[in-house]
Each structure stands twice: as C-alpha cells, then as structure tokens.
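Report on the structure
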Amino acid sequence: MKKKKVVRLTEQDLVNIIKNMIGGIAGVSLDDLGKTDSTSTKTKTSSSSGAPSDFGKVVDKIIDEFEGGYYHPDMLKDGRVKDSRYGGSGETMFGMDRQAGKQESTSAGKEFWDMVDKENARSNWKYNYMLKDNPALAGRLKGLIVQIMEPLFNQYMEKYLTPESREIVKNNPKLFFNFVYATYNGPGWFDKFAKIINNEVANGNTNPDSLADIDIMNRKNSGNSLIAQGARKLEKIGDTLV
C-alpha cells in the first residue's frame, strides 16, 4: 500500500492561507491585506470637519510666522534692539514671555526656562535666535510650549466663548488658528476678540469665513501696533495657516 505523503505547513503558510480566505470573502487582494495603513500610526492633523487637532502644528506655525525667537530686555538697553515697542516685554522665546506669561508657575514652563538658562541665552544668544543649528533643543522647547499653551487655550475657550461660538471656532481652521494665537496675546485680548465673535453669532452670523474676517479686522483696529501687525500677517497667509 502506497503511503500518503504528509505535507507539513509552516506558520507562514497558514498565515497566507487565512489571508487568501479572508481576501476572497472581502473582495480584497492578498497584497492589500499585507499592506500597513500608515495613516493609522500617524497623528491626524485635522478632524473630519477640517479643524486642526494637532496643536503642535499650530504652535510651529505661530512661532515661525508670528512670534520668532529669543529676546532679552538687555538687548533694548544696550542697543542691539532699537524698537521701543519692546519696552514692555520681558525675556521671550518662541512667543513665551517670561515676565507677563508667568509660565514658570507650571512644571512645563519651569522646565522651558530652565533649559534657556542652562544655555546662558542672555549672553550667548543673538536677537531672534531660532535655534536652527540646534533642532533637538528647539524641538524640546516647542514640545513644552504645547504643554503650556494647550491647557490655557482650552481654559479660555470655555471661559470666554459661548458654546455655539466655541463649536464654530473649533471646527474652522482659520478661527481655530486665530484663537490659538489669541492665547499667546493673553486673556485680555482673547476675551476682547471672543466678545466680538459671541455678539456676531448671537445676532445670526454663523459663517466661519465671515467671522474670521471680522476677527482680523478687529485686530487691525485694536489700537495696538503689534496686534495689528499680527492681523496683517493673518490676512496675508490666509488659507495656508494650517
């Protein structure tokens, strides 16, 4: 009697058989099943509504386009900076104002300024230094800014915007960006801009583009040259904000 040949399947053979079975049922190819959906392992930068959910990406844009690098009041005193508008500014880096922002009341803020001090920035860094030659340190500082600013943004959103206004802002990239930037400007400015949006929404204007235009117009007419300068930048880069 002829012996039957025993076929031993490897683990990979079994995997391939199962994939083929599933592929046949689902109407997809084996190759498709073997592919990894790279988007599933990446942080999404926008929600289904189009508003950015990656706060860090917005922070990067604000730093690069609006806030800039390092400044110390000594630079105004010794003539390295000649713009008198900096007279009321404390030590700043990437938009963080050590004096006005009081970031060191948080653990992330304390770590941020400790890192700056360890570099002896006051003496070693030039005006508007952006750490282009030290991307690792720049990345760590920006990560700490997200930890500092995102809780403030959420706090101001809850405190100053009505629920209806808040939903519009959260779901529109321009308004979202504008109000993250308003968080940098401080609670007073955030409140001022929020009241204008709240009033518009209460009176029936729920068009996000119209509200964004109104926000920029009010920044221009704020009476503060630095706020107005920011408004012109917001208007100029428009749809490329996020």
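Residues numbered from 1 in each chain as written. Predicted model: local features only at pLDDT ≥ 70, side-chain atom pairs only at ≥ 80, totals over all residues. Heavy atoms only, no water.

Quick look at the packing of helix α9 (residues 173–185) against helix α10 (residues 187–202) now. Each packed pair of helices is defined by two parameters, the angle between the axes and the distance between the axes. At a minimum axis distance of 7 Å, the contact between α9 and α10 shows a crossing angle of 145°. When α9 is examined against α10, the residues F179, A182, T183 and N185 are found in contact with a partner set consisting of W189, F190, F193, A194 and I197. Residue classes in the contact of α9 with α10 are distributed as seven nonpolar, two polar and no charged. (Axes fitted to C-alpha atoms, helices over the stretch in contact; angles between N-to-C directions. Helix = DSSP H or I, 4+ residues; strand = E, 2+ residues; numbered from the N terminus. Contact = heavy atoms within 4.5 Å. Nonpolar A, V, L, I, M, F, W, Y, C, P; charged D, E, K, R; others polar.)

For the structure shown, the criterion picks out twelve salt bridges. For R80, the salt bridge goes to D78, with nearest N and O atoms at 2.9 Å. Judged by relative accessible area, which is 49%, D78 ranks as partly exposed. Between E158 and R166 there is a salt bridge whose closest N-O contact spans 3.7 Å. Residue classification places R166 among the buried residues on the basis of a relative accessible area of 14%. Counted as one network, the salt bridges with shared partners bring together E91, R98, E104 and D117. (Salt bridge = Lys/Arg side-chain N within 4 Å of Asp/Glu carboxyl O. Buried < 20%, exposed > 50% of the residue type's maximum accessible area, 1.4 Å probe, protein only.)

Here we come to the layout of surface pockets. Of the voids in this model, the largest pocket is the one considered here, and its volume is about 1100 Å³. Around the largest pocket, the lining is made up of 37 residues, and of these E67, G95, D97, Y184 and L226 lie nearest the centre. Taken together, the elements giving at least two residues each to the lining of the largest pocket come down to α3 (55–67), β2 (96–97), α7 (135–160), α9, α10 and α12 (225–237). Residue contributions to the lining of the largest pocket peak at five residues, all from α12. (1 Å grid on protein atoms, 1.4 Å probe; cavity = no way out; pocket = protein on both sides within 12 Å on 5 of 7 lines; lining within 4 Å. Points joined across faces, edges and corners; volume = space filled by probe spheres on them.)

Another aspect to go through is helix α11 (residues 208–220). With 13 residues, α11 extends 18 Å between its outermost C-alpha atoms, agreeing within 8% with the 18 Å of an ideal straight helix rising 1.5 Å per residue. Within α11 the residues assigned to the buried category are L211, A212, I214, D215, I216 and R219. Between the side-chain oxygen at the start of α11 and the backbone nitrogen of D209 there is a gap of 3.0 Å, and the oxygen is on N207. (Expected span 1.5 Å × (residues − 1). Polar contact = N/O pair within 3.5 Å; in protein donor to acceptor, adjacent residues only side chain to side chain.)

What follows is about the environment of F66. One can find F66 in helix α3. For the pair F66 and Q229, spaced 163 residues apart in sequence, the C-alpha separation works out to 9.1 Å.

What follows deals with the packing of aromatic side chains. This structure, assessed with the given rule, holds 13 aromatic pairs. Aromatic pair Y156 and Y160: ring centres 5.9 Å apart, planes at 55°, arrangement tilted. Here Y160 and Y156 lie together in helix α7, a separation of four residues that amounts to about one turn. Exposure remark for Y160: the relative accessible area of 16% places this residue in the buried category. Ring plane angle 25° and centroid distance 5.8 Å describe the contact between W189 and F193, whose orientation is recorded as stacked. Here F193 and W189 lie together in helix α10, a separation of four residues that amounts to about one turn. Connected via pairs of aromatic rings, a cluster forms that spans Y156, Y160, F179 and F190. Directly above the ring of F94 sits K142, whose terminal nitrogen or CZ lies 5.5 Å from the centroid. (Phe/Tyr/Trp six-rings, centres within 6.5 Å; stacked < 30°, edge-to-face > 60°. Lys NZ or Arg CZ within 6 Å of the ring centre and 35° of its normal.)

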